[in-house]
Amino acid sequence: MKKTSPTKKNLIFFKQKIYVKMKFIILIYILKILAIIVPLLISVAYFTLAERKIMGSIQRRRGPNVIGYLGLLQPLADGLKLFAKETILPTSANSLIFILAPILTFVLSLMGWAVIPFGENLVLADINVGILYLFAVSALSVYGIVLSGWSSNSKYAFLGSLRSAAQMISYDVSIGFILISVVLCAGSFNLSEIVFAQSEDIWFIFPLFPMFLLFCISALAETNRHPFDLPEAEAELVSGYNVEYSAMGFALFFLGEYANMLLMGALGSILFLGGWLPPIQIVPFTLLPGSFWLGVKICLFVIMFCWIRAALPRYRYDQLMDLGWKTFLPFTLGWTCFTAAILMSFNWLPI
């Protein structure tokens, strides 16, 4: 019987130790991912309930109030209804791409949360190019909508997807210049560093207030939200790019859209409202965790999304594109140059 040499024994033991350590690290990352995704999906579900309640209050009518106490089980009932429905594939559609498009949209809406800091050292991936990562993920989300419209082999769906692609690309440019203005003031692409930069002086909403307003409006266009929901215009396109989808395909588009709205709220809170920082640095406020304050600021964006949907009429498509290319683009470009000039003139550029 052959005897294993001491060196070979040590090598086998070392490999086993590395294998166990890798399994432990992978398990930790899976738990961290679930700790983000599960609360996010619950938040998305109750975002729909909050929207219907707020719109009902604004329009002087009752919102959901039948399923559960005060209608609190309505999102679960809606989810169960969509899950139990039959998934219908159009006979003339490209079945593979038709199925993959909503999955792509949903996955990309979750990927952006990987770099969102919920508190100090409370982030899944604290990378130095967090803003560029978010910008890349938001740009890729166009593909899910375009592929859904093209694969449906429907003129209405295809027209809605083309509208969405043009709209998102147009307002991506404006958001890019807005992000550059914040990066110039903070001196970093890291989202945690941007929050720390606001803890030293003031929140960026005060010196960059015009850019904050443009960010809020561009976020509506970026997420195809009312009054810029032209890709889903019921009067013209009969629900647009998702007209051929039913059951879970429609549900994935629905979840992706609302997750993107929450992501835009989180990004706006981090860029302009101090992220997890409390409004006042005094004892009663500092005792609460940073994730609580970030959640409160995201809720303010949620209320804004719902209020605008209930109050404003829909734009025409030519008005939407004119606003993006002829107003927002030159203004954001000019303000970015103005910000850079002020910082250089007074030697305020962060090192």
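Scroll up a little and you will see the structure.
Quick caveat: nothing in here was measured; it's all calculated off a predicted structure.

What counts and how
Residues numbered from 1 in each chain as written. Predicted model: local features only at pLDDT ≥ 70, side-chain atom pairs only at ≥ 80, totals over all residues. Heavy atoms only, no water. Axes fitted to C-alpha atoms, helices over the stretch in contact; angles between N-to-C directions. Helix = DSSP H or I, 4+ residues; strand = E, 2+ residues; numbered from the N terminus. Parallel < 35°, antiparallel > 145°, perpendicular 65-115°, else oblique. Left-handed = near helix turned anticlockwise from the far one by under 90°. Contact = heavy atoms within 4.5 Å. Nonpolar A, V, L, I, M, F, W, Y, C, P; charged D, E, K, R; others polar. Buried < 20%, exposed > 50% of the residue type's maximum accessible area, 1.4 Å probe, protein only. 1 Å grid on protein atoms, 1.4 Å probe; cavity = no way out; pocket = protein on both sides within 12 Å on 5 of 7 lines; lining within 4 Å. Points joined across faces, edges and corners; volume = space filled by probe spheres on them.

Peer 1: Honestly, the packing of helix H9 (residues 247-272) against helix H11 (residues 290-311) in this entry has me stumped. Any pointers?
Peer 2: The axes of two packed helices give the description: the angle between them and the distance between them. Remark: H9 packs on H11, axes separated minimally by 8 Å, with the N-to-C direction vectors making an angle of 125°. Taken together, the axes of H9 and H11 are oblique relative to one another. As H9 packs across H11, the resulting crossing turns out to be right-handed. Between H9, through Tyr258, Met261, Leu262, Gly265, Ala266, Gly268, Ser269 and Ile270, and H11, the contact on the second element is made entirely by Leu294, Lys297, Ile298, Phe301, Val302, Phe305 and Arg309. Its residues assigned to classes, the contact of H9 with H11 comprises 10 nonpolar, 3 polar and 2 charged.

Peer 1: Looking at this structure, how should I read the environment of Asn260?
Peer 2: With respect to the element layout, Asn260 can be found in helix H9. Taking the relative accessible area as the measure of exposure, Asn260 reaches 22% and is therefore partly exposed. Separated by 216 residues in the primary sequence, Asn260 and Val44 place their C-alpha atoms 9.6 Å from one another. Leaving out residues up to four positions away in the same chain, Asn260 has contacts with Ser109 and Thr223.

Peer 1: I keep staring at empty space enclosed by the protein and nothing clicks. Help me out?
Peer 2: Over the atoms, a rolling probe the size of a water molecule traces out where space has been left empty. Taken as a whole, this structure holds 2 cavities of 30 Å³ or more when the rule is applied. Lining of the largest cavity is provided by 24 residues; of these, Ser138, Ser141, Glu222, Asn260 and Met264 occupy positions nearest its centre. It is H9 that contributes the most residues to the lining of the largest cavity, 7 residues altogether. As a volume, the second largest cavity reaches approximately 30 Å³.

On their own, these measurements won't tell you what the molecule is for.
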